[in-house]
Amino acid sequence: MGAPLRWACWRGSNRMRSRHPWAWCLASILLVIAVDGRAGGADAIRLNEIQVIGTHNSYHAGLAPGVQQLLRAEKPEALLGLEYRHPPLDEQLSAGIRQLEIDIYADTRGGRFAHPRSLDWVRSAGLPADEPWDSPAIMAKPGFKVLHTQDVDYRSNCQPFTACLGIVRRWSESHPQHSPIFILIETKTDRPQSDRSQSDRELTDPEPFTPQTFDALDSEIRSVFPQDAMLVPDQLRGQFPTLRDAIRARHWPTLRQARGKVVFLMDQQRMGPVYLEGHPALRGRILFTNAHPGDPDAAFVEQNENDVAAINALVREGYLVRARTDWDTRQARSNDTARRDAVLASGAQLISTDYPTSEPASWTGYSVGFPQNLPARCNPMLAPRNCRSDSLDPYPARPSSSLPH
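Residues numbered from 1 in each chain as written. Predicted model: local features only at pLDDT ≥ 70, side-chain atom pairs only at ≥ 80, totals over all residues. Heavy atoms only, no water.

A. Focus on the environment of Arg340. The residue Arg340 is located in helix H17 (residues 338-344) in this model. Distance in space between the C-alpha atoms of Arg340 and Asp326 is 7.1 Å, their sequence separation being 14 residues. Ignoring any residue separated from it by four or fewer positions in sequence, one finds Arg340 in contact with Thr325, Tyr366, Ser367 and Val368. (Helix = DSSP H or I, 4+ residues; strand = E, 2+ residues; numbered from the N terminus. Contact = heavy atoms within 4.5 Å.)

B. Structural detail: the packing of helix H9 (residues 161-174) against helix H10 (residues 211-224). Put simply, H9 and H10 touch, their axes get as near as 9 Å, and they point 35° apart. Classified by chirality, the crossing of H10 by H9 is right-handed. Contact residues: Phe161, Thr162, Leu165, Gly166 and Arg169 in H9; Leu217, Glu220, Ile221, Ser223 and Val224 in H10. Taken together, the residues of the contact of H9 with H10 sort by class into five nonpolar, three polar and two charged. (Axes fitted to C-alpha atoms, helices over the stretch in contact; angles between N-to-C directions. Left-handed = near helix turned anticlockwise from the far one by under 90°. Nonpolar A, V, L, I, M, F, W, Y, C, P; charged D, E, K, R; others polar.)

C. Fine view of the packing of aromatic side chains. What the rule picks out here adds up to 10 aromatic pairs. Taking 5.3 Å as the distance between ring centres and 45° as the angle between the ring planes, the aromatic pair formed by Phe209 and Phe214 counts as tilted. Taken individually, Phe209 and Phe214 each receive the classification buried, so the pair is uniform in this respect. In textbook terms, an aromatic cluster arises when at least three aromatic residues are bridged by ring pairs, as seen for Phe144, Phe161, Phe209, Phe214 and Tyr275. Above the face of the Trp133 ring, Arg155 is positioned so that its terminal group lies 4.1 Å from the ring centre. Taking NZ or CZ as reference, Arg285 lies 4.3 Å from the ring centre of Tyr275, over its face. (Phe/Tyr/Trp six-rings, centres within 6.5 Å; stacked < 30°, edge-to-face > 60°. Buried < 20%, exposed > 50% of the residue type's maximum accessible area, 1.4 Å probe, protein only. Lys NZ or Arg CZ within 6 Å of the ring centre and 35° of its normal.)

D. Layout of the state of the cysteines. The full count for this structure, using the stated rule, is two disulfides. Put simply, Cys158 and Cys164 are joined by a disulfide, and their sulfur atoms are 2.0 Å apart. Between Cys158 and Cys164, the S-S torsion sits near 100°, and that sign places the bridge as right-handed. You'll find Cys158 and Cys164 in the same group, each marked buried. (Disulfide = S-S within 2.5 Å.)

Right, here's the structure in full:
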C-alpha cells in the first residue's frame, strides 16, 4: 500500500475510533482516489485519445540569403513556399510542440552533401556568396543527413540526424513525464530530373532507400534512444497477429505507458513496402509506416490535405492520423483559418503546421494551437468525458527565445 493510502487508513481508523476501522480505511482510500482522480484519469487515457500540435519540417532553418535571391530571379513561385523556419528542436518542445518532422537523406559513404552546389551557383550569378552552413567534418562522415532539398534548401537547425535525435533525447530526459513525442521521418529520394519545383539546375543525386538502408536507420535511432524510451510497433501489437488487429481491439497504450517516450512514424506511403521487407506487420521495426488502411501494418495514416470526414472515419476505426492545417505559406499569408479550424475540431491526433502559437506568421499573425497553449489536449472525438486536457502534460508551454518569424 502506498504512503498516501497508509496515511488515509491511519487517519480514518484513529480519528473515528470505530469498531470497524477497516471500513473507515476503505472510505478514506476512496476519498484519496477521488482527490487524485484527475491524475489517475489522465494516465488511463489511450494514446489515440489525445491531440497534439506538430511542426512541419521542424528542422528547417530557412534559405541562405544568396539562394533566396537566386530563386527570386529564377523560381519566385518556389520561393514563396519556402519562406518559413523554426527554432531549435528543444525550444519547440519547450514551447509545447509534441510532434516533430525530420527529413533525411542517406549518405552511406559520407560527403555526398558536404558542398551544396548552390554555393557555386550564387557565386557564378554575381550574388553575395553564402557561407557554408554545416561543419565539413560533420558532413564528411557517413550517416543520415537532415535537409529539405539537396543543394538548394539545405540549412537545418541540427545536423546530422543523430544530433537531432540527441537534442530530443536530452529534452525528454529532463522532462520525464511529458506526453509522448511523435517524430515523423521523411526519407528523401527525389531524383533531380523528377523534382524541378525549386530549381532547373542539376541537383546532387540522392541514394535510394533499400531494406539495408532502413536497417541502418533503425540502428541510428537505437544508438540514441534505448528500447524503454520508445513506443514501437511490437508493443502496440502485443499478442495480436497484426497491427490492424491491435487497433481494432483498441489496444493503443495508455498515457501512463507512453509518458516520457518517443514514437517514430514514417512519412511516405510508397516507402512502406521497402521498410516491411523481412519484417511482416513491422515485427522488429521502430517506425510505424504510413500504411494503407486495412493492411497488416496499418496503425498510422496521414491525411494531410484530405477532408475532415475522411479523417474522422479513420479515427473512428482506431487509426492514429496526422493532418496538416496549412502548406506552402498560403494560409499564413492570407490568414485563411478554415482548414485550421476544421482540423482542430476533427479527431486527427497529430496536427501539423508551419506556424504554431509560439511562431506566428509575420504577414498576418496566423498560428495554430490549443487554448492556454497546452502541449496536449483531450481528443474532441475520442476522449472519455472525464478526460481533462490540463492533466495530460505537466510542462506548460514556454515562449520560444528565438522566434523565427
